[in-house]
Amino acid sequence: MMKKLVLVILTILSLGVHADLKRAIAFDQAGEYEKAAKELFKISQLATRGHPRAMYEFGTMYMKEGMWVVQSDEAGFDWWMKSANLGYAPAQFSIGASYIGGIGVNRDLIEAKKWLEKAINSTYEKYSKVAKELYTLNELDKI
């Protein structure tokens, strides 16, 4: 059991916890397709191993057309939800916004309110601020 755990940790470390969708896009736009593919592979591997940021970025890949996976709002929402449930504020914000817009999920302002409040209460100042604005704009305080 310990040997298996060590192998998993070594695999994760070798992938690098800093897989980055923005970096993959930059490589792709620069014509460095092999580097882009390696970065995307890291994201997918880390996401399937439960890394919150990678889960969020993997979900974002599904949400956008032409992001190396078949576009699916539902699959993107599912990956964002996995990340949000682990406390990742960008995902919590995106889940709240998705519930407001009915993107990948049925429109539900009560769920939107719940997820935006989590993002507001997070330590991610950027997402807290934007979540407050979206919360106010949609008058979720009246729900």
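Details of the structure are given in the entry above.
In this text, all values refer to a predicted model and were calculated from it rather than measured experimentally.

Points about the overall build of the protein chain
The helix and strand inventory of the protein chain stands at 8 helices and 0 strands. Along the protein chain, helices and strands appear, N-terminal first, in the series α-α-α-α-α-α-α-α. Taken over 143 residues, the protein chain has a buried fraction of 41%. Across the protein chain, the fraction of contacts at a sequence separation of at least 24, relative to all contacts at a separation of at least 6, is 46%. Working note: accessible area of the protein chain is about 8,500 Å², and carbon and sulfur atoms make up 58% of it.

Some thoughts on the packing of helix 7 (residues 109–120) against helix 8 (residues 125–137)
Their axes nearest at 7 Å, the elements helix 7 and helix 8 cross at an angle of 145°. Between helix 7 and helix 8 lies a crossing of left-handed hand. Contacts between helix 7 and helix 8 pair K113, L116, E117, A119 and I120 from the former with Y127, S128, A131, K132, L134 and Y135 from the latter.

A word on the side chain of Q92
Here Q92 is to be found in helix 6 (residues 89–101). Relative accessible area serves as the criterion here: at 7%, Q92 is assigned to the buried category. With sequence-adjacent residues up to four places away left out, Q92 is seen in contact with A84, G87, W115, K118 and A119.

A short note on the layout of surface pockets
Roughly 350 Å³ of internal volume is contained in the largest pocket. In this structure, the largest pocket is lined by 15 residues; those nearest its centre are K22, Y56, E57, T60 and Y127. Sorting the residues of the lining of the largest pocket by element identifies helix 2 (21–29), helix 4 (52–63) and helix 8 as the ones contributing at least two each. Split by residue class, the lining of the largest pocket holds 8 nonpolar, 1 polar and 6 charged.

A look at the pattern of salt bridges
Scanning all chains against the criterion turns up 8 salt bridges. Across the pair K38 and E34 runs a salt bridge whose closest N-O atoms are separated by 3.6 Å. One end of the pair is K38 and the other is E34, both in helix 3 (residues 33–48) and 4 residues apart, which spans about a single turn. Its relative accessible area of 58% is what places E34 among the exposed residues. One salt bridge in this structure joins K114 and E111, with 3.4 Å as the shortest N-O distance. With a gap of 3 residues between them, K114 and E111 both fall in helix 7, about one helical turn apart. Here the salt bridges do not stand alone but share partners, grouping D20, R53 and E57 into one network.

As for the packing of aromatic side chains
This model, assessed by the stated rule, comprises 8 aromatic pairs. Both rings, one in F93 and one in Y127, keep their centres 6.1 Å apart while their planes meet at 55°; by these two values the pair is tilted. Residue F93 is found in helix 6, and its partner Y127 is found in helix 8; the two are separated by 34 residues along the sequence. Given the relative accessible area of 16%, F93 is considered buried. By way of ring pairs, the aromatic residues Y56, W80, Y88, F93, Y124 and Y127 are connected into one cluster. The ring of W79 carries K82 above its face, with NZ or CZ at 4.1 Å from the centroid. In this arrangement the basic side chain of K118 is found over the ring face of W115, its NZ or CZ atom lying 4.7 Å from the centre.

Analysis parameters
Residues numbered from 1 in each chain as written. Predicted model: local features only at pLDDT ≥ 70, side-chain atom pairs only at ≥ 80, totals over all residues. Heavy atoms only, no water. Helix = DSSP H or I, 4+ residues; strand = E, 2+ residues; numbered from the N terminus. Buried < 20%, exposed > 50% of the residue type's maximum accessible area, 1.4 Å probe, protein only. Contact = heavy atoms within 4.5 Å. Areas by Shrake-Rupley, 256 points an atom, 1.4 Å probe, with all protein chains shown as cover. Axes fitted to C-alpha atoms, helices over the stretch in contact; angles between N-to-C directions. Left-handed = near helix turned anticlockwise from the far one by under 90°. 1 Å grid on protein atoms, 1.4 Å probe; cavity = no way out; pocket = protein on both sides within 12 Å on 5 of 7 lines; lining within 4 Å. Points joined across faces, edges and corners; volume = space filled by probe spheres on them. Nonpolar A, V, L, I, M, F, W, Y, C, P; charged D, E, K, R; others polar. Salt bridge = Lys/Arg side-chain N within 4 Å of Asp/Glu carboxyl O. Phe/Tyr/Trp six-rings, centres within 6.5 Å; stacked < 30°, edge-to-face > 60°. Lys NZ or Arg CZ within 6 Å of the ring centre and 35° of its normal.

That's the geometry; what it means functionally is another story.
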